[in-house]
Amino acid sequence: MSQYFENLNYTLSNEDTRIEYRICREGLSRVFCIGGSGARVLPILAKRPETLDIVDLSQEQLALIELRISAARQLNRDEFLFFLGYRGGIAGDGVGEDHRSTLFDQLELSAATRAFWSDREAAWRPRGFILLGRWEGHFQKLGRVFRDVLRIDSRKIFAAHSLDEQRVLFKEHFKPLVFKAFIKIAASEFVFNRFLYKGHFSGRSETRTESRSPSTFIEEEFTRLFQQTLVRKNYFLQVLFLGEIAHEEALPLECRVDVLDQVKKAKTQIHYRKENLLDVINKDHFEFLSLSDTISYLPNEAAHRLLTDLPSATPPGARAVIRSFLRRPPTYETRGWKRLESEEAWAKALDTTGVYEFDVFEKL
Ligand SMILES: C[S@@+](CC[C@H](N)C(=O)[O-])C[C@H]1O[C@@H](n2cnc3c(N)ncnc32)[C@H](O)[C@@H]1O
């Protein structure tokens, strides 16, 4: 497994968690969740499982998730939004810096996680946490080129309140040909692989299963999002195009009042596990598995047999949500499992990122 995953790569989330939130049932006994930024973990915690195993190869990601969960549990919503950087600190003007440190001091954290974040206080104090990741940093840079060099100002498009209005503004303010030319370079296999995924890009030609090139794929999927969905509600595109989450309606699920309330009520026992997912899911059994898009990085054989390698004690009704990015296993061994096709189609249509395929399974 790649060294790429041994850093703080993700701090916001490039995954729209409304999908897992709907498919995961309430009050399960044991749930498996790949960590990442933790923004997909929080809404799953809001489903109040008895035990939640949060698994990631990266200790840095786990430190972020512990911080996120403590903040969600112990701060009120306004404080939580400010602390993470959704509100009040994105401009990086220093306002509220001390307040962020005061909130940090109040949180209950393990000694290791407190030390980890104390050492990095200069980085998070001015702007919070959500844009600190390598992935978020990379896309912020691209967004700046898009706005400042290519002079495409999409702010007006994001301000539209209806799809009809948005389509008119898109025609007026977007420059599709400039966008296409820009994406051809910025989302090329070379740039993704070299600068973002450090040689482990799932969309490189040797491993990709998507027929379109990464840049054509992204250009077409983003254009679809602008044509068919209200981008005012899309946090992912706002971070990429505007450099911030400009509209309240776009805040991701972890910011929702009811989600945060349920997180506070959850008595869930949480295990933070720095392990390879295969060493966990093939040993312990779970009623729900949120696998992020890790499948795109697994060896072919392990990906193919993912479901049938799960322990036989996995109970009927258990569900797995599997995303993939440019590399989707062509076949799954599905003996004993059924595909939830309508959930997959619903997920693809809903997903604010536009870049994932979804495989959703239920144990028979
Ligand atoms: C797969 S990444 C999310 C990638 C993101 N959606 C993207 O495409 O850029 C989510 C998390 O999975 C972790 N991860 C990747 N492979 C893993 C594995 N085999 N076992 C455990 N964690 C893994 C990474 O460290 C990362 O924090």
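Residues numbered from 1 in each chain as written. Predicted model: local features only at pLDDT ≥ 70, side-chain atom pairs only at ≥ 80, totals over all residues.

**So, the overall build of the chain**
Part 1 of the reasoning: Check the secondary structure of the chain and you find 18 helices and 7 strands.
Part 2 of the reasoning: In summary, the chain has a C-alpha radius of gyration of 20 Å against a globular reference of 21 Å for 364 residues, a match within 12%.
Part 3 of the reasoning: C-alpha extents for the chain along the principal axes are approximately 55 × 50 × 40 Å.
Part 4 of the reasoning: Taken over 364 residues, the chain has a buried fraction of 42%.
Part 5 of the reasoning: Intrachain contacts of the chain at a sequence separation of at least 6 include 73% that bridge at least 24 residues. (Helix = DSSP H or I, 4+ residues; strand = E, 2+ residues; numbered from the N terminus. Rg over C-alpha atoms; globule rule 2.2 N^0.38 Å. Buried ≥ 20, exposed ≤ 12 C-beta atoms within 10 Å, placed from the backbone. Contact = placed C-beta atoms within 7 Å.)

**Considerations on the sheet that holds strand E3 (residues 269-273)**
Part 1 of the reasoning: In spatial order, the strands read E3-E2-E1-E4-E5-E7-E6; together these 7 strands make up an open sheet with mixed pairing. Sheet topology places E3 and strand E6 (337-339) at the edges, where each strand pairs with a single neighbour. Sheet twist, expressed as the average angle between the axes of neighbouring strands with direction ignored, equals 20°.
Part 2 of the reasoning: When strand E4 (residues 288-290) meets strand E5 (residues 319-324), the two strands line up parallel, connected through 3 bridges. Bridge pairing links Leu289 to Ala320 in E5.
Part 3 of the reasoning: Of the strands in this sheet, strand E2 (51-55) and E3 touch helix H3 (residues 59-74), which is tilted by about 160° from E3.
Part 4 of the reasoning: The strands that helix H18 (residues 341-350) touches are E6 and strand E7 (357-363); relative to E7, the one it contacts most, it runs at about 150°. (Pairing = 2+ DSSP bridges. Axes fitted to C-alpha atoms, helices over the stretch in contact; angles between N-to-C directions.)

**Observations regarding the environment of Gly27**
Part 1 of the reasoning: With respect to the helices, strands and loops of the structure, Gly27 is situated in the loop between helix H1 (18-23) and strand E1 (30-34).
Part 2 of the reasoning: The class of Gly27 is exposed, set by 11 C-beta atoms lying within 10 Å.
Part 3 of the reasoning: Distance from Gly27 to Phe226, taken between C-alpha atoms, is 37 Å for residues 199 residues apart in sequence.

**A look at the pairing of E2**
Part 1 of the reasoning: Across the 5 residues that make up E2, a large majority, 4, are buried.
Part 2 of the reasoning: Pairing analysis gives 5 bridges linking E1 to E2, with the strands arranged parallel. Paired with Cys33 across the strands is Ile54, a residue of E2.
Part 3 of the reasoning: Across 5 bridges, the pairing between E2 and E3 is parallel. The partner of Asp53 across the bridge, within E3, is His271.

**Details of the environment of Phe32**
Part 1 of the reasoning: On the secondary structure map, Phe32 appears in strand E1.
Part 2 of the reasoning: We classify Phe32 as buried; it has 26 C-beta atoms within 10 Å.
Part 3 of the reasoning: The spatial distance from the C-alpha of Phe32 to the C-alpha of Ala320 is 9.3 Å, given a sequence separation of 288 residues.

**Looking at the nonpolar core**
Part 1 of the reasoning: Val31, Cys33, Leu42, Leu45, Leu84 and Val263 are the most contacted members of the largest nonpolar core, which totals 90 residues.
Part 2 of the reasoning: It is H3 that provides the largest number of residues to this core, a total of 8 residues.
Part 3 of the reasoning: Once residues within four sequence positions are removed from consideration, Val31 is found in contact with Cys24, Ile44, Pro49, Leu52, Phe286, Glu287 and Phe288. (Core = buried A, V, L, I, M, F, W, Y, C linked by C-beta atoms within 7 Å.)

**Quick look at helix H14 (residues 235-242)**
Part 1 of the reasoning: For H14, the buried fraction is high: 7 of the 8 residues fall into the buried class.
Part 2 of the reasoning: For H14, the set of buried residues is Tyr235, Phe236, Leu237, Gln238, Val239, Phe241 and Leu242.
Part 3 of the reasoning: Buried residues belonging to H14 abut helix H8 (134-149), helix H9 (155-159) and helix H13 (214-228).
Part 4 of the reasoning: Positive phi shows up at Gly243, right after H14, with a value of about 80°.

**Re unusual backbone geometry**
Part 1 of the reasoning: A positive phi is found at Arg151, a non-glycine position, where the angle reads about 55°.
Part 2 of the reasoning: Counting through the fold element by element, Arg151 comes out in the loop between H8 and H9.
Part 3 of the reasoning: Of note, the phi angle at Ser292 is positive, near 50°, even though the residue is not glycine.
Part 4 of the reasoning: With respect to the element layout, Ser292 can be found in the loop between E4 and helix H17 (300-304).

**Some words on the pairing of E7**
Part 1 of the reasoning: Along E7, 5 of the 7 residues are buried, which leaves the element largely enclosed by surrounding structure.
Part 2 of the reasoning: One ladder, built from 6 bridges, connects E5 with E7; its direction is antiparallel. From the neighbouring strand, Ala320 faces E7, where its bridge partner is Phe361.
Part 3 of the reasoning: Pairing of E6 with E7, which is carried by 3 bridges, proceeds in the antiparallel orientation. Counted as the bridge partner of Lys338 is Glu362 from E7.

**Observations regarding the packing of helix H11 (residues 176-186) against H13**
Part 1 of the reasoning: Running from N to C, H11 and H13 point in directions that differ by 140°, and their axes come no closer than 8 Å. Between H11 and H13, the interaxial angle falls into the category oblique. Our pair here, H11 against H13, has a crossing hand that is right-handed. Packed against H11, whose contacting residues are Phe179, Lys180, Ile183 and Lys184, the element H13 presents Ser215, Ile218 and Glu219 at the interface.
Part 2 of the reasoning: Of the residues that constitute the contact of H11 with H13, the class distribution is 3 nonpolar, 1 polar and 3 charged. (Parallel < 35°, antiparallel > 145°, perpendicular 65-115°, else oblique. Left-handed = near helix turned anticlockwise from the far one by under 90°. Nonpolar A, V, L, I, M, F, W, Y, C, P; charged D, E, K, R; others polar.)

**Description of the confidence of the model for the chain**
Part 1 of the reasoning: Taken as a whole, the chain shows an average pLDDT of 91; of its residues, 96% reach a score of 70 or greater.
Part 2 of the reasoning: This stretch, residues 89-93, has a pLDDT under 50; its non-local contacts, to residues over four places away or in other chains, come to 11 contacts. (pLDDT = per-residue confidence, 0-100.)

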